[in-house]
Number of protein chains: 2
Amino acid sequence: MIDKLIERIKELNNPTVVGLDPREEIIPEFIRKESYRKYGRTLKGLANAYFKFNKMIIDEIYDLVPAVKPQISMYEELGPDGIDCFIKTIKYAKEKNLIVISDIKRGDIASTAKSYSRGHIGRVSVGGNEHKVFDADFVTINGYMGYDAISPYIENCKELDKGMFVLVKTSNPNSGDIQDLKTEEGRYVYEHMGELVSKWGEELIGKYGFSKIGAVVGATYKEQGKILREQNPNTFFLVPGYGAQGATAEDLKGCFNEDGLGALINSSRGIIAAYKKDEYKDRYSEEEFHKAAREAVIRMRQDLLRVL
Amino acid sequence: MIDKLIERIKELNNPTVVGLDPREEIIPEFIRKESYRKYGRTLKGLANAYFKFNKMIIDEIYDLVPAVKPQISMYEELGPDGIDCFIKTIKYAKEKNLIVISDIKRGDIASTAKSYSRGHIGRVSVGGNEHKVFDADFVTINGYMGYDAISPYIENCKELDKGMFVLVKTSNPNSGDIQDLKTEEGRYVYEHMGELVSKWGEELIGKYGFSKIGAVVGATYKEQGKILREQNPNTFFLVPGYGAQGATAEDLKGCFNEDGLGALINSSRGIIAAYKKDEYKDRYSEEEFHKAAREAVIRMRQDLLRVL
């Protein structure tokens, strides 16, 4: 799947992934109203609105970007209806030939990780019947618990050609609390994590030189991104932090190789809520939120290609 | 809620939490058969079997233990039906006056953490209507991303009297990959995490001297448990690793204070799948799996009290 991701990035000349992180406040009123009329101001009502919103976004961007990244928390907080919407979103995106990265950031002991992995990228057996439940292409994983918390996913990545991104240096303001601790050998915790990820991924390197086991590296930490890129030449980076979190195209240049490959840049609110921003508000109505998203994708691509 | 937890531990003289981690292979055949007859060998069929199983366990143990800890991965892998079963399990346990620790180990940037926190221990608003979705009493959280990944939960802990346990030193074999890195000041990463957890919890200390922000400390690492106990006197410990993961009562003694308080010991398979173990098999049939679980709880309590 890492090979397919790279091929799609090349075909579209666009290393962008669109984060599908819906929230009530960014869903246009006409979608909310219709859904609440049908299902009430219920969890199902909002989940249904999210799906409609996601579909309209996907329909406008699937020919421009290689991948989407739904963030499960926004769906999970709505309970079973939210999870149903999450699964339907993955399915719909895949039907449109988009690669799907489920942003789940799970991390647990091996026996528990097995359940997560089966559900999200593997298969679940019930009385011998096999079910694909979430069926994402990639997942994001937290590696604080070490190798055995990762190994079940590696199995599924191998057997079913899936992929994963392990948190290395995250984009948030306090990511340094633990990640920037300096160890006695003079390196930072995030460097150790980066090294572990490279080691875990060694046997899963595809034809373009990148492993199925990638890393999450925040665009908001420019220097660290550059260091990690040099230290981990076979690790593909999923890079959050561009746009709403403050990073610019210049900041994330160091996450790429000289040939312009090696990283996939995420933008969520900057794309899906573009219609609320001053630069778009005058030209797009709420009803045209998806058209604004399309323009935001095109402008993001131009911005990225400018520095690559 | 931390105060209530401590009161219940005292009342029952039992610092045990029962992990509700169902898996198809530990569900007795009579429960599976009935459920598959009704719903087929589907995700719903297995989720329904899990709920029946959990209910029968809860009915046998609610008068003996203060808390249960459902592990969400086993439910999540079944999709919306699994999440529905997870929520129903929490609700049923709370009706029986059990404190519920949702073992979710989430960890993400603030805006995302807000969604998780609202869903699991807070309230979700849809068009102004407030919904309690999961409504657990405690959650487990991964702190690798630092303070802002934790802060939304702290808000809910304060306002709604909930609690959380942050992963500090986990029970699994490779937990040392990151957690045991030694920093330049001569301490381990898990010690730094322990210190952060204490600091984050400073303002939420209840009447028994323990904060609403606790720590997960694996019983399988005896020495580390002792060190962490000394370094963090106001942090309550959730301690996995007893039983199936290999730790004995002696190993986890160091997680307690001299007065026998300060830790809650988890056992999952050792209790809920007791009927499959040699020591119970001769005396309990599959139909009596819940009676075997009751005996396992009583024996675990005796074993713990022996060393406290």
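Computed from a predicted model, the values in this text were never measured in an experiment.

A. How the structure looks around the packing of helix 6 (residues 110-120) of chain A against helix 7 (residues 151-160) of chain A. Residues and elements named next belong to chain A. In the contact formed by helix 6 and helix 7, the axes pass within 7 Å of each other and the chain directions differ by 35°. Our pair here, helix 6 against helix 7, has a crossing hand that is right-handed. Within the contact between the two elements, helix 6 uses Ala-110, Ala-113, Lys-114, Tyr-116, Ser-117 and Arg-118 and helix 7 uses Pro-152, Tyr-153 and Asn-156.

B. Layout of the side chain of Thr-183 of chain A. Checked against the element boundaries, Thr-183 of chain A lands in the loop between helix 8 (176-179) and helix 9 (189-201). Of note is the side chain of Thr-183 of chain A, whose polar atom sits 2.8 Å from the side chain of His-192 of chain A. When residues no more than four places from it in sequence are discounted, the contact partners of Thr-183 of chain A are Val-189 and His-192 of chain A together with Leu-181, Lys-182, Thr-183 and Glu-184 of chain B.

C. Here's a closer look at the pairing of strand 1 (residues 16-20) of chain A. Residue and element names in this part refer to chain A. Burial analysis of strand 1 places five of its five residues in the buried class, the great majority of the element. Here strand 1 shows two buried faces, one formed by Thr-16, Val-18 and Leu-20 and the other by Val-17 and Gly-19. Where strand 1 meets strand 10 (residues 263-267), three bridges bridge the pair, whose relative direction is parallel. Looking across to strand 10, one finds that Val-18 is bridged to Ser-267.

D. Spatial organisation of the sheet that holds strand 1 of chain A. All names here are of chain A. On the basis of which strands lie adjacent, the closed barrel formed by eight strands has the order 1-2-3-6-7-8-9-10 and parallel pairing. Mean inter-strand twist for the sheet, computed between neighbouring axes without regard to direction, equals 30°. Sheet topology note: the strand 3 (residues 99-106)/strand 6 (residues 138-141) ladder contains three bridges and is parallel. Residue pairing in the sheet places Arg-106 in a bridge with Ile-141 of strand 6. Contacting strand 1, strand 2 (67-70) and strand 3, helix 5 (residues 80-95) runs over the sheet at an angle of about 150° to strand 3.

E. Region of interest: the relation of the copies chain B and chain A. If you rotate chain B by 180° and push it 0.0 Å along the axis, it lands on chain A with an RMSD of 0.0 Å. Given the turn and translation reported, the copies of this chain are related as if by a two-fold rotation axis. Interface overlap between copies is the fraction of interface residues in one copy that are interface residues in the other; for chain B against chain A it reaches 100%, indicating a shared surface.

F. Here's a closer look at the packing of aromatic side chains. If you walk through the whole model with that rule in mind, you get 25 aromatic pairs over all chains. Centre to centre, the rings of Tyr-280 of chain A and Tyr-284 of chain A are 6.4 Å apart; their planes meet at 35°, and the pair counts as tilted. Each member of the pair, Tyr-280 of chain A as well as Tyr-284 of chain A, carries the same accessibility label: buried. The structure contains a cluster of three or more aromatic residues connected by ring pairs, namely Phe-30, Phe-53, Tyr-275 and Phe-289 of chain A. Over the ring of Tyr-62 of chain B we find Lys-96 of chain B; its NZ or CZ atom is 4.9 Å from the centre of that ring. A cation over a ring is seen here: Arg-229 of chain B above Phe-237 of chain B, with NZ or CZ 4.0 Å from the ring centre.

G. Quick look at the UniProt feature "domain: Orotidine 5'-phosphate decarboxylase" (unreviewed entry) in chain A. Those residues carrying the UniProt feature "domain: Orotidine 5'-phosphate decarboxylase" (unreviewed entry) are residues 15-284 of chain A in this numbering. Secondary structure over residues 15-284 of chain A splits into 41% helix and 17% strand, and the C-alpha atoms at its two ends are 26 Å apart.

H. Structural detail: the interface of chain B and chain A. Listed by partner, the interface residues are 70 residues for chain B and 70 residues for chain A. Interface of chain B and chain A: buried area, both sides summed, is about 5,800 Å²; carbon and sulfur atoms make up 57% of it. Broken down residue by residue, the surface that chain B buries against chain A is led by Arg-41, Glu-77 and Tyr-144 of chain B, which jointly contribute 14%. For the pair chain B and chain A, the interface holds six salt bridges. When the shortest N-O distance is used, the salt bridge between Asp-108 of chain B and Lys-105 of chain A registers 3.0 Å. In this assembly, chain B and chain A are joined by 40 residue pairs in polar contact (both at pLDDT 80 or more).

I. Representation of helix 5 of chain A within the structure. Given a rise of 1.5 Å per residue, 16 residues ought to cover 22 Å, and the 23 Å separating the end C-alpha atoms of helix 5 of chain A matches this to within 8%. Those residues of helix 5 of chain A not exposed but buried are Gly-82, Ile-83, Cys-85, Phe-86, Ile-87, Thr-89, Ile-90, Tyr-92 and Ala-93 of chain A. Those residues of helix 5 of chain A that are buried lie in contact with strand 1, helix 3 (43-61), strand 2, helix 4 (72-76) and strand 3 of chain A together with helix 5 (80-95) of chain B. At the C-terminal side of helix 5 of chain A, Asn-97 of chain A shows a positive phi close to 70°.

J. Expanded view of the nonpolar core. With 224 residues, the main nonpolar core has Leu-5 and Met-164 of chain A together with Leu-5 and Met-164 of chain B as its most contacted residues. Setting aside residues up to four positions removed in sequence, Leu-5 of chain A forms contacts with Pro-66, Ala-67, Ile-99, Phe-138, Phe-165, Phe-236 and Leu-264 of chain A.

K. Focus on the sheet that holds strand 3 (residues 99-106) of chain B. Residues and elements named next belong to chain B. Spatial strand order, 1-2-3-6-7-8-9-10: eight strands in a closed barrel with parallel pairing. Taking each pair of neighbouring strands and ignoring which way they run, the sheet shows an average axis angle of 30°. When strand 9 (residues 237-239) meets strand 10 (residues 263-267), the two strands line up parallel, connected through three bridges. Considered in strand 10, the bridge of Val-239 is made with Ile-265.

Rules of the game
- Residues numbered from 1 in each chain as written.
- Chains lettered and ligands numbered in written order.
- Predicted model: local features only at pLDDT ≥ 70, side-chain atom pairs only at ≥ 80, totals over all residues.
- Heavy atoms only, no water.
- Axes fitted to C-alpha atoms, helices over the stretch in contact; angles between N-to-C directions.
- Helix = DSSP H or I, 4+ residues; strand = E, 2+ residues; numbered from the N terminus.
- Left-handed = near helix turned anticlockwise from the far one by under 90°.
- Contact = heavy atoms within 4.5 Å.
- Polar contact = N/O pair within 3.5 Å; in protein donor to acceptor, adjacent residues only side chain to side chain.
- Buried < 20%, exposed > 50% of the residue type's maximum accessible area, 1.4 Å probe, protein only.
- Pairing = 2+ DSSP bridges.
- Least-squares fit on C-alpha atoms with pLDDT ≥ 70 in both.
- Phe/Tyr/Trp six-rings, centres within 6.5 Å; stacked < 30°, edge-to-face > 60°.
- Lys NZ or Arg CZ within 6 Å of the ring centre and 35° of its normal.
- UniProt positions renumbered as here; feature names shortened; annotations may be inferred.
- Buried area = accessible area lost by both parts, 1.4 Å probe.
- Salt bridge = Lys/Arg side-chain N within 4 Å of Asp/Glu carboxyl O.
- Expected span 1.5 Å × (residues − 1).
- Core = buried A, V, L, I, M, F, W, Y, C linked by side-chain atoms within 4.5 Å.

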